[in-house]
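These are the residues of each chain, in order.
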Amino acid sequence: MSMLRPLLRSSTRGSASVAFARASPLSKIARSSGARLMATQSGDDTQRPSALAKIHLEDGTTLTGRSFGSHENVEGEVVFTTGMVGYTESLTDPSYQGQILTMTQPMVGNYGVPDRNVMDEYGLPKYFESNKIHATGLIVQDYSHHYSHWNAASSLGDWLKEEGVPGLCDIDTRMLTKKIREKGALLGRIEVDLNAPPPDFTKMINPNDPSIRHLVDEVSTKEVKVYGKGNQYKIIAVDGGMKYNIIRQLVKRDVELTVVPWNYPFAAEMDKFDGLFLSNGPGDPTSCDVTIKELEKVISCPDDKVKPIFGICLGNQLTGLAAGGTAKKLPFGNRGQNQPVLNHQTGEAYITPQNHGYHIDCSTLKPGWKTLFTNANDGSNEGIAHETRPYFSAQFHPEASCGPTDTEFMFDTFLEACRKPTDKIIFPTRKPAPPKPNVKKILLLGSGGTSIGQAGEFDYSGGQAIKALKEEGKEVVLMNPNIASVQTNMDDKSASKADHVFFLPVTPDFVEEVIKKEKPDGIVVSMGGQTALNCAVEMYLAGTFEKYGVEVLGTQIQAVIDTEDRQIFSDKLNEINEKIAESYTAETLDEAIEAAKKIGYPLMIRSAFALGGLGSGICHDEEMLKDMGKKALSVSPQILVERSMKGWKEVEYEVVRDSQDNCVTVCNMENFDPLGIHTGDSIVMAPSQTLSNEEYHMLRTTAINVVRHLGIVGECNIQYALHPESLEYCIIEVNARLSRSSALASKATGYPLAFVAAKLALGIPLTEVENSVTKKTQACFEPSLDYIVTKIPRWDMSKFEGVSKEIGSAMKSVGEVMGIGRTMEESLQKALRMVDPANPGFQKHLHYDNMDDLKQELSVPTDKRIWAIAQALHEKTLSVDEIHDITKIDHWFLRRLEGMVKTWNKLEEFTVDELTDDLMVEAKKQGYSDIQMAEILKGNATEDDVRAKRVGANITPWTKQIDTLAAEYPADTNYLYMTYHGAEDDVGSANGGVMVLGSGAYRIGSSIEFDWCGVSAIRALRQMGYKSTMVNYNPETVSTDYDECDRLYFEELSRERVLDIYEKDSAEGVIISVGGQIPNGLALPLDKAGVNILGTPAAMIDNAEDRMKFSDMIDEIGVQQPRWRELTSADSALDFAANVGYPVLVRPSYVLSGAAMNVAWSDEQLKAFLVEAAEVSKEHPVVISDFIQGAVEIEMDGVCKDGEIIAAAIHEHIENAGVHSGDATLVLPPQDLTAYQKERVRDASRKIAKRLNITGPCNIQFVAKGTDVMCIECNVRASRSFPFVSKTMGVDFIEAATKAMVGVDTSDMNLPTLETRNRPANYVGVKAPMFSFTRLRGSDPILGVEMASTGEVACFGANKEEAFLKSLLSTGFKMPEKNILLSVQSDLEDEMTHCAWQLHEQGYNLFATRNTAEVLNKNKVPCTILEYATEAGEGEESFVDAIKNDKIDLVINVPTHNSKRTEDNYLMRRTAVDFGVPLLTNLQLVKVFADAVYKYRSGELDGLKPETLFEHYQAETDADAWTDPTEFH
């Protein structure tokens, strides 16, 4: 079995060697400043730079920053380089001689600087590209004065001081880059005297003027040197400023390299050598006239004297000049790590590192020469070759360092030419691409209902794929029962909609029937998560695709199997000498135990073919392995037992590959949390924050090698474990499909991965896909980020009884947010607030009362660990080193957090009036909000006081674009964020338009449905000719796709930020009613700040949300409601309960998904619930009301205009009141309500809409029992059922609401009103909830008034039962084959008898617990007794045994508040969930299920058996069809 790849530190560390040229001043600095030399991380005493300095540019710009290097004046040409890593390599690149280097990467200095005295095997400084810093000065946005890395010896600042080179930070490098981009490279001066006047640039020496400075002469060797003495191939190298990595690349290939000065007469000595190499170097190539003349002699030699020539960078320019070309200065040069280059000989594209200011104009080349390489972005020449002789050159850097190593093979090409000097240059060619798929009609499999691990990101990726396929003229058939998804829309507001939509389960049987009906010739399976992938694998193995001639587009199924089957995956990696951790596959528990003996504990188990780490976890002993292994094997055919690498760094790359083998990495991300926590539950940052150039590109190269070897076509994600103190790594997994992190990476970079992947699936190469942000360059590139994104998961574990709060290798989060800032601090603080408006930012939020609890939280992480770190740092109870030792979180992250605490401590010293502008700016740059600062400052400052002070000092955020290229190329992008790190806006004011506030993080109660509402609103606005602005921060959503709106602000949904945008853009108004509870909660604060809220007035929203005001109002207008009382004290509540009798309902105000809503059945319960409700609803009243048992729940979703209802849909719940509406099964049109009940609902709805003067969407909920129809709630906003009612009714309610809010007529929309009857007339829609109890170990899968579902599906049928069963199957429910287990509370046994008899009549074998069985047998329903788990004796079979041993196909467990056997009930429900057995816990649901099964087995239901579905469609005429032929089915 596989062992870990040993890539350990080089043994040369610390060996005797030659020091850097200017090393002597270092010892003085060390003595004077106490600098920590030879330390792998900075110490507690490290101070942030405080001295100021300026950069003056020749265009008149002056910027002030902080000086962190040598504090002295310098002059030079100011240039920029893009890239994410590699500052030590760049600074020592001789090609930067005479230049002030601006780095666009978001932070510099983070991994320190390696030891200058360590030499490699060639006698060269091991970690550098020359023996000194060649750049004249360094300009960065964020200098990391704290550094941390196992290979570091000092800080970057100390090294700059040692070398006498100034560094300047806190500069808007994006602004600088744009200036250089627009005006060309500029002369500049770093000035440390703040009072000195700007320099006279007409008198400044231009380093590019060869008459003044000969830059090549300054950096070239002055003597002949030989490396690799005695090696086989003799190469002469002309040194124009040669990087050391060129020497390393040649000598390790058995070259004896003779390095000569730039002006050496090498032509006369060529007969002694096998080839000629021309190096890189700085400045104007025409200054090297001596070299060019020598080169002309070599090029024009007789045929029998020909020797291969290879030139790089300056060497390319010299070759071009000698071959008759002309050198031209580029406007700003190409410098960075992501330049795409096309090879004219092979058609391949490479991602290359570059550093040059000149290029060759090939139009004057002599005969016999041709262009070899071209820059795919700007079309400039990147290399030439001779047509018959082995002469070739590259403008880019194949030796890399820093940058990607994709073209390193060119050194092999050169040496191959040296072996065969009579041949022309031939590049190795990749195997030919397969023919483009010849497909016209494509089936796309969706992901179904959202669940933990598989949420709205697949709506985004599927929608992107549909857009790409439609752009290419393909007919698209979509199969997805997720009715809340945008991709299942059939209206005309988006051109990129599917041609046909099937709301059917994504299972092999149903997919086959759709294939039979629609006859697609291609299928896309990578856009629907694990649901689509597992379905496709099953169909592939069954030969279904082959049977119908359907071609799988993109990554082939065998490649999917290669990545999902852990043993095959390990074998495939071994073929290219890559490894996963030592691991063994097991298909039985005994095999797993045997594997554990070889690996030892602790170890990790993982399930094959599982999503979000389902079935995985760390086992500390054999008992844990047995327990977890059995559960994992119940949901997966195979598990992997592997070495635990807990505490290693976790890093991932998103990789894109086309059918022509062009391959790019789009985004690399690093987890804040070390390995051991699933990446979906980790805080993740992009780009990586602690990786050096060597680590970054080692993992990048591996990613590309692996993806090529596996044959992925499209997009995939590769995850690594990286040892924190060496180069050892191993591959954790490859996801051969779009994943959650793909959506995150798309939003983090602006690179639309799913869109590109869909194009590639059609055989289109990357070089022909447009970069949709710049609209000028193409998709074959790697994005550069000049900002940092932080993803933080959103958990809702408090909603579940009994769930373990620990986070580990199995994902538990229900959503995520992404904060964007120019520094880690800014993006992290934003993201913490985005997760929940109740989080103020990084500060003490929860309190651990003793050190043991605090350390326990740090060492065994839960969703609260970040707050434990905050407490430890704020209270100074644990040091950074101590926190690192417990958590293994990298020192660098912890130091940045500590820096935020230091700013907090400074703020505490001042009142708002005393606060200096400098400290205000420092706090804002570190992500502190106004409301946070008001809390920190002395005195009683309010948020408005801080805002007034800030705005008065003109301290407002800058608007920046996300453009994928760090401002290197112009981009007309509308993808924006705000930051306090800047000196200018990237875009001007929008001057009007309507802002739509999105829904924020997916959470229980606010999921994909509200994103659908937001998208519908912005699409409707654009269709009406309004400019629309979306504000949202959820990377999984369609609403945060920049194509959907005129402006996208990826920003906080806070009063502060909404006001910032509203004022800056002079918006006409804000829509807050389509994003759920978060925007709705801003109604009053925004209204008080003078914002024009469109739709229902803020005061009326408050009347509906405030439970006290609402209940008062309902009484006032004569609408019936349950008896109620405002909660003033516990005694008053107990008195109320005594009067009306239990049960009573406790309801807080302004909450979503029933947070802290509870039904109390006793005084004890009531007291406990009152405390919880008061905690959730601190500023708003809590109401207590009579809970109506056995009542039917009814909802009215409506659209109003000026208090009149203009659109309405009344639907019913299958479950009785007591199950939260989000967890209920909805039926539309209602099938069981009486005409009287519906009329009462209509009458009450009219009165409520009138009284609240509603304009826009609303949702009113009722309970009905006997002749009572009582209102229980009104939401003056869209509800989660809006997509369902819109699609079932065939008209977009949100479009109507948006028109109403902006005053546009809706009379042409054919809206169903309260008077409309029988719509839809000939079919029924049923919406069923999706639950994720499997993932939430320990949680009790029982439903109540607080919502627990994570998503929903909906299907349609000729009647309620048909639609119900289809919906149930779409949630992953499997129809029972023979055995059903029943256990109900004694109050319900008589009712259950009827259902049980129906199931018995249908041929099911019934099993029951003792009490239930006795009643059933007494009532003549045959059943078998299973013992209670808590009472089963030796040899007796309990219900737990029967479930675990696969004897039960369905569990029906219906408890009530009177249930005595709570432990047995819980064990039954939990065991069913843990072992993948369908579970029903609600009596009304069981009744409908029994009726449906009866009709199903009697053959009364259409289209439920997949094989009858096709026959049904064949027989159906257009007149019979429920919808238009191209609409949903």
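Along each chain, numbering runs from 1 in the same order as the chain's sequence is written. Note on the predicted model: pLDDT of at least 70 is required for a residue's local features to be given, and 80 or more for side-chain atom pairs to be given and counted; whole-chain, interface and lining totals, by contrast, use all residues. Think of the side-chain values as coming from all heavy atoms in the structure, minus any hydrogens and water.

**Thoughts on the packing of aromatic side chains**
Now for step 1: Side-chain rings of Phe, Tyr and Trp (the six-membered ring for Trp) are treated as a pair once their centres are within 6.5 Å; stacked means planes under 30 degrees apart, edge-to-face means over 60, and tilted covers the remaining angles. As enumerated under the stated definition, the model contains 30 aromatic pairs in all.
Now for step 2: Considering the side-chain rings of tyrosine 87 and tyrosine 111, the 4.4 Å spacing of their centres and the 25° angle between planes classify their relative orientation as stacked. Note that tyrosine 87 is positioned in helix α2 (residues 87–91) and tyrosine 111 in the loop between β4 (99–103) and β5 (137–139), a separation of 24 residues in sequence.
Now for step 3: With relative accessibility at 0%, the residue tyrosine 87 sits in the buried group.
Now for step 4: Through a chain of ring-to-ring contacts, the aromatic side chains of Phe277, Phe310, Tyr350, Phe373, Phe392, Phe396, Phe409, Phe411, Phe414 and Phe427 assemble into a single cluster.
Now for step 5: Here lysine 598 stacks its cationic end above the ring of tyrosine 584, 4.8 Å away from the centre of that ring.
Now for step 6: Counted as over-ring charges are cases with an Arg CZ or a Lys NZ within 6 Å of the ring centre that also lie within 35 degrees of the ring normal. The ring of tyrosine 1428 carries the charged tip of arginine 1461 above its face, separated from the ring centre by 3.7 Å. Counting from the N terminus, the helices are the DSSP runs of H or I reaching at least four residues and the strands are the DSSP runs of E reaching at least two. Think of it in three bands: residues with accessible area under 20% of the maximum for their type are buried, residues over 50% are exposed, and the middle band is partly exposed, with areas taken using a 1.4 Å probe on protein chains only.

**Description of the environment of leucine 342**
Now for step 1: Mapped onto the secondary structure, leucine 342 falls in strand β13 (residues 326–343).
Now for step 2: Sequence spacing of leucine 342 and threonine 374 is 32 residues, and the spatial spacing of their C-alpha atoms is 5.3 Å.
Now for step 3: Once residues within four sequence positions are removed from consideration, leucine 342 is found in contact with Glu348, Ala349, Leu372, Phe373, Thr374, Ala376 and Thr767. In this analysis, two residues are considered to be in contact whenever any of their non-hydrogen atoms come within 4.5 Å of each other.

**Observations regarding helix α26 (residues 917–925)**
Now for step 1: Of the positions making up α26, those classed as buried are Leu919, Met920, Glu922, Ala923, Lys924 and Lys925.
Now for step 2: Lining the buried residues of α26 we find α21 (824–835), α25 (891–907), α27 (930–936), α28 (943–952) and α30 (1055–1065).
Now for step 3: Glycine 927 occupies a position one or two residues after α26 and carries a positive phi of about 90°.

**Description of the packing of helix α12 (residues 529–541) against helix α14 (residues 557–564)**
Now for step 1: Viewed as axis vectors pointing N to C, α12 and α14 meet at an angle of 115°, and their least axial separation amounts to 10 Å. Here α14 runs roughly perpendicular to α12, going by the angle between their axes. For the pair α12 and α14, the crossing hand works out as left-handed. Contact with α12, carried on its side by Gln530, Leu533, Ala536, Val537, Tyr540 and Leu541, involves Ile557, Gln558, Val560, Ile561 and Glu564 of α14 and no other residues of that element.
Now for step 2: Gly is placed with the polar residues, together with every amino acid not listed as nonpolar (Ala, Val, Leu, Ile, Met, Phe, Trp, Tyr, Cys and Pro) or charged (Asp, Glu, Lys and Arg). Split into classes, the residues belonging to the contact of α12 with α14 amount to eight nonpolar, two polar and one charged. Throughout, an axis means a line fitted to C-alpha atoms (over the contacting stretch in the case of helices), and angles, computed between N-to-C directions, take values from 0 to 180 degrees. Here is the rule for angles: anything less than 35 degrees is roughly parallel, anything more than 145 is roughly antiparallel, 65 through 115 is roughly perpendicular, and the remaining ranges are oblique. Working rule for handedness: look at the near helix, and if it is turned counterclockwise from the far one by less than a right angle, call the crossing left-handed; if clockwise, right-handed.

**As for the environment of asparagine 1445**
Now for step 1: Relative to the helices and strands, asparagine 1445 resides in the loop between α43 (1439–1444) and β55 (1450–1454).
Now for step 2: Sequence separation of asparagine 1445 and valine 165 is 1280 residues, and the distance between their C-alpha atoms is 72 Å.

**A few points about unusual backbone geometry**
Now for step 1: Here the bond from tyrosine 601 into proline 602 is cis, since omega is -5°, no more than 30 degrees from zero.
Now for step 2: Mapped onto the elements of the fold, proline 602 is located in the loop between α16 (589–599) and β24 (603–607).
Now for step 3: With omega at -5°, the peptide bond leading from alanine 686 into proline 687 counts as cis.
Now for step 4: Although it is not a glycine, lysine 519 sits at a positive phi angle of roughly 50°.
Now for step 5: Tracing the backbone shows lysine 519 in the loop between α11 (508–518) and β21 (522–524).
Now for step 6: On the basis of relative accessible area, lysine 519 is assigned to the exposed category, the value being 59%.
Now for step 7: For alanine 967, which is not glycine, the phi torsion reads 75° and is therefore positive.
Now for step 8: Within the secondary structure, alanine 967 sits in the loop between β34 (958–961) and β35 (975–979).

**Things to note about the sheet that holds strand β2 (residues 62–67)**
Now for step 1: Between any two strands, at least two bridges found by DSSP are needed for them to pair. Within the closed barrel, the seven strands sit side by side as β1-β2-β6-β5-β4-β3-β7. Their pairing is mixed. Ignoring strand direction, the axes of neighbouring strands in this sheet form an average angle of 35°.
Now for step 2: Of the strand pairs in this sheet, β4 and β5 are connected by three bridges, and their pairing is parallel. Bridge pairing links leucine 101 to leucine 138 in β5.
Now for step 3: Lying on the sheet, helix α4 (residues 173–183) is in contact with β1 (52–57), β2, β3 (74–81), β4, β5 and β7 (186–191); it crosses β3 at an angle near 90°.

**Brief notes about helix α20 (residues 753–761)**
Each α-helix winds once per 3.6 residues, and so residues spaced three or four apart point in a common direction.
Now for step 1: Among the nine residues of α20, nine are classified as buried, and the element is accordingly described as predominantly covered.
Now for step 2: Considered for burial, the residues of α20 that qualify are Leu753, Ala754, Phe755, Val756, Ala757, Ala758, Lys759, Leu760 and Ala761.
Now for step 3: The secondary structure elements touched by the buried residues of α20 are α10 (457–471), β27 (649–657), β28 (663–671), β30 (714–722) and α19 (740–749).

**Points about the nonpolar core**
Now for step 1: Within the largest apolar cluster, 325 residues are counted, with the highest numbers of intra-cluster contacts made by Leu156 and Phe1489.
Now for step 2: In this structure, leucine 156 is in contact with Phe68, Tyr87, Leu91, Val108, Gly109, Val113, Leu138 and Tyr143, ignoring residues within four places of it in sequence.
Now for step 3: Remark: nonpolar core denotes a set of buried residues (Ala, Val, Leu, Ile, Met, Phe, Trp, Tyr, Cys) joined through side-chain atoms within 4.5 Å. One finds Ile247, Leu250, Ala385 and Phe411 within the second-largest nonpolar core, a separate group that totals 35 residues.

**What to know about the pattern of salt bridges**
Now for step 1: Take a side-chain nitrogen of Lys or Arg and a carboxyl oxygen of Asp or Glu: if they are within 4 Å of each other, that pair is a salt bridge. One pass over the full model with this rule turns up 108 salt bridges.
Now for step 2: The closest approach of N and O atoms between glutamate 191 and arginine 189, which form a salt bridge, is 2.9 Å. For the pair shown, glutamate 191 and arginine 189 are each scored as buried.
Now for step 3: Close ionic contact of lysine 441 with glutamate 475 constitutes a salt bridge, the shortest N to O distance being 3.9 Å. Of this pair, lysine 441 sits in strand β18 (residues 441–445) while glutamate 475 sits in strand β19 (residues 475–479); the two residues are 34 residues apart in sequence, bridging distant segments of the chain.
Now for step 4: Salt bridges here are not isolated pairs; linked through shared partners, they connect Lys830, Lys924, Asp930, Arg947, Arg950, Glu1051, Glu1056, Arg1057, Asp1060 and Glu1063.

**So, the confidence of the model for the protein chain**
Now for step 1: Taken as a whole, the protein chain shows an average pLDDT of 90; of its residues, 94% reach a score of 70 or greater.
Now for step 2: Segment residues 1–19 is flagged for pLDDT under 50; beyond a separation of four residues in sequence, or across chains, it makes 53 contacts in the model.
Now for step 3: Confidence over residues 21–37 falls short of pLDDT 50; this stretch has 26 contacts with residues more than four positions distant or in other chains. The predictor reports its confidence for every residue as pLDDT, a score running from 0 up to 100.

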